[in-house]
Each structure stands twice: as C-alpha cells, then as structure tokens.
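A look at the structure
For reference, the chains in residue letters:
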Amino acid sequence: MFEGNNGRNIALIKSSKDTRYATDSVVTHDGVKFPCWASSDLMSFRQKLGEDAYEKLDVIGIDEAQFFEDLYDFCCEAADQDGKTVIVAGLDGDYLRSFGSVLDIIPLADTITKLTARCEVCGKRAFFTFRKTEETKTELIGGADLYMPVCRQHYVNGQTVVEAARTVLESRKLHHQTDSSSQVEAAVSAL
Ligand SMILES: Nc1ncnc2c1ncn2[C@@H]1O[C@H](COP(=O)(O)OP(=O)(O)O)[C@@H](O)[C@H]1O
Ligand SMILES: Cc1cn([C@H]2C[C@H](O)[C@@H](COP(=O)(O)O)O2)c(=O)[nH]c1=O
C-alpha cells in the first residue's frame, strides 16, 4: 500500500500470470515501474492485505484485468459495498474478440477510456490485436514477439490471410508434413 501525492492510500494488483518484466511490479513497455501485488485472483486480496490496511485503502488499481475470473465480483464489492475507487486496466478483446470479464464490468463503471495503439502496418489508430502465431488458446503471455496492434482494415485482412494460409497448409499436410507456424508467420509479415 502506498500514499499517493494527494494523501490517498493506493494499492495496485496485477495478474501473477504475467511475469514478463517483473513479478512484483507493473511495468510499461518502456520501463516505467510501479510496485504491486501479483495474484492469481482478486477476492483473496483483502485477506492477504489485512482488514485494517484494507479499511484504510482509498484506491485499488487492477492491471491485466482480462486474466481475473473474479473481476466482476471484486469490483462490485470494492466499489459498491466498500466505497473504494477502483481503476481497472485491461484488454477488452483478445486476438479474436471479447476477453475475460472486462466487458462485464462496463455497466459498473463511472467512466471508461478506450485507449488505442498505432497500427504496425499503416500507422492508423489500432483498435485490435493481431496474433502472429498459430496458437489458438485465449491466454498466451507475450509481447511484440506474438502480437501486433492493427487497425480494423489490417485486422480483417490479417485474419483472412491467416485463414487462407491455414486452409492451404492443412490440405498440404495431408500430403507431407510442413512447418505450418513458420509459413503462417511468413504470410503475416507479407501483410
Ligand atoms: N497515462 C499515460 N500517459 C502517458 N503515456 C502513457 C500513459 N499510460 C501509458 N503510457 C505510455 O503508453 C505506452 C504503452 O503503455 P503500456 O502500459 O506499456 O502498454 P499496454 O497498454 O500494452 O500495457 C508506454 O510507452 C507508456 O509510457
Ligand atoms: C491479444 C491477447 C493478449 N494476451 C496477453 C498478452 C500479454 O501478456 C497481455 C497483454 O499485455 P499488455 O501489456 O497490455 O500488452 O495479454 C493474451 O493472453 N491473449 C490475447 O489474445
């Protein structure tokens, strides 16, 4: 727990699934760090922090919210019942569409800010994330090695290219084994 500039007590929680830059800090891609609790769930936070410390908390920040299954229940309890200011950051979409419970908490929020990156192909505003590999599981920790931010046009084009590449590769696999993931990556880099 930390005291912010305005005297408010703040705690920051991130998912322990994401250990890319640090286990006990939230770290931006350009290296700005802030100490945090890393946890696999949110509901145990109150007990881990201790009742007295929890009572004194004013603000709870949550990063990588898409990874928390109990996001909705925690936000309800912390904001509605306990009067905390809860600030949530996370991906609304995975490489396909909706991600975890992030969209479920929209009706609980006072305000929502949708941030965008820049499309890696054309530089326009990027609303979506394109996955560069063949892996299809929803949760796959990684950065620029696995993902690229894309605008709507390049997201749709990219999915079409990958689907077409997969179809061709699947039919080829019937005849002989090929390294399909490297061929999908080659198709993506040709976008
Ligand atoms: N509130 C902010 N004001 C200004 N720059 C910010 C702010 N939040 C993030 N950034 C910058 O935006 C970039 C992306 O943020 P980051 O947290 O690394 O990305 P992600 O959204 O993928 O977690 C970083 O370079 C970071 O310094
Ligand atoms: C699109 C997408 C992302 N993820 C993972 C990849 C990263 O570990 C985090 C996002 O971190 P960031 O700092 O906000 O860039 O989410 C995933 O597991 N599945 C996906 O489809």
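Residues numbered from 1 in each chain as written. Chains lettered and ligands numbered in written order. Predicted model: local features only at pLDDT ≥ 70, side-chain atom pairs only at ≥ 80, totals over all residues. Heavy atoms only, no water.

**Notes on the UniProt feature "binding site: substrate" (unreviewed entry) in the protein**
UniProt records the feature "binding site: substrate" (unreviewed entry) for Tyr147 in the present numbering. Among the structural elements, Tyr147 can be located in strand β11 (residues 147-150). With residues up to four places along the chain from it excluded, the contact list for Tyr147 reads Glu120, Thr129, Phe130, Arg131, Lys132, Leu140 and Gly142. A distance of 3.1 Å separates a polar atom in the side chain of Tyr147 from a polar atom in the side chain of Arg131. (UniProt positions renumbered as here; feature names shortened; annotations may be inferred. Helix = DSSP H or I, 4+ residues; strand = E, 2+ residues; numbered from the N terminus. Contact = heavy atoms within 4.5 Å. Polar contact = N/O pair within 3.5 Å; in protein donor to acceptor, adjacent residues only side chain to side chain.)

**With respect to the nonpolar core**
Of all hydrophobic cores here, the largest spans 18 residues; its most connected members are Phe45, Ile60, Ile62, Leu71 and Phe74. When residues of this core are traced back to their parent elements, those giving at least two are β2 (9-15), α1 (45-49), α2 (51-56), β6 (59-63) and α3 (71-81). If you tally residues by element for this core, the top one is α3, at 4 residues. Those residues in contact with Ile60 that sit more than four places away from it in its chain are Ala11, Ile13, Phe45, Tyr54, Phe74, Ala78, Lys84, Thr85, Val86 and Ile87. Ranked by size, the runner-up nonpolar core spans 9 residues in total, among them Ala126, Phe128, Met148 and Cys151. (Core = buried A, V, L, I, M, F, W, Y, C linked by side-chain atoms within 4.5 Å. Buried < 20%, exposed > 50% of the residue type's maximum accessible area, 1.4 Å probe, protein only.)

**Notes on the packing of aromatic side chains**
Given two aromatic rings, one states the distance between the centres and the angle between the planes to describe the pair. According to the stated counting rule, one finds 5 aromatic pairs in the structure shown. Each ring, one from Trp37 and one from Phe45, has its centre 5.6 Å from the other, and the planes form 90°; the classification is edge-to-face. Relative accessible area serves as the criterion here: at 29%, Trp37 is assigned to the partly exposed category. Classification of Phe45 by relative accessible area gives buried; the value is 3%. Between Lys84 and the ring centre of Tyr54, over which it is positioned, the NZ or CZ distance is 4.7 Å. (Phe/Tyr/Trp six-rings, centres within 6.5 Å; stacked < 30°, edge-to-face > 60°. Lys NZ or Arg CZ within 6 Å of the ring centre and 35° of its normal.)

**Brief notes about the site of ligand 1**
Around ligand 1, the surrounding shell consists of Thr28, His29 and Asp30. His29 places a main-chain nitrogen or oxygen 2.6 Å from an oxygen atom of ligand 1. Between an oxygen atom of ligand 1 and a side-chain N or O atom of Asp30, the distance comes to 2.9 Å. Protein coverage of the free-state accessible area of ligand 1, which is 550 Å², stands at 29%. (Near = heavy atom within 4 Å. Areas by Shrake-Rupley, 256 points an atom, 1.4 Å probe, with all protein chains shown as cover.)

**Some words on the site of ligand 2**
Ligand 2 sits among 18 residues. The nearest are Arg20, Asp94, Tyr95, Thr138 and Leu140. Between ligand 2 and the protein, one listed contact pairs an oxygen atom with a side-chain N or O atom of Gln66 at 3.4 Å. Between ligand 2 and Tyr147, the relevant distance is 3.2 Å, taken from a nitrogen atom to a side-chain nitrogen or oxygen of the residue. Protein burial of ligand 2: of its 490 Å² of free accessible surface, 85% is covered by the chains. A class-by-class count of the residues in the shell around ligand 2 yields 7 nonpolar, 5 polar and 6 charged. Two domains each provide a minimum of three residues to the shell around ligand 2, namely domain 1 (1-114) and domain 2 (116-190). (Nonpolar A, V, L, I, M, F, W, Y, C, P; charged D, E, K, R; others polar. Domains from an automatic or database assignment.)

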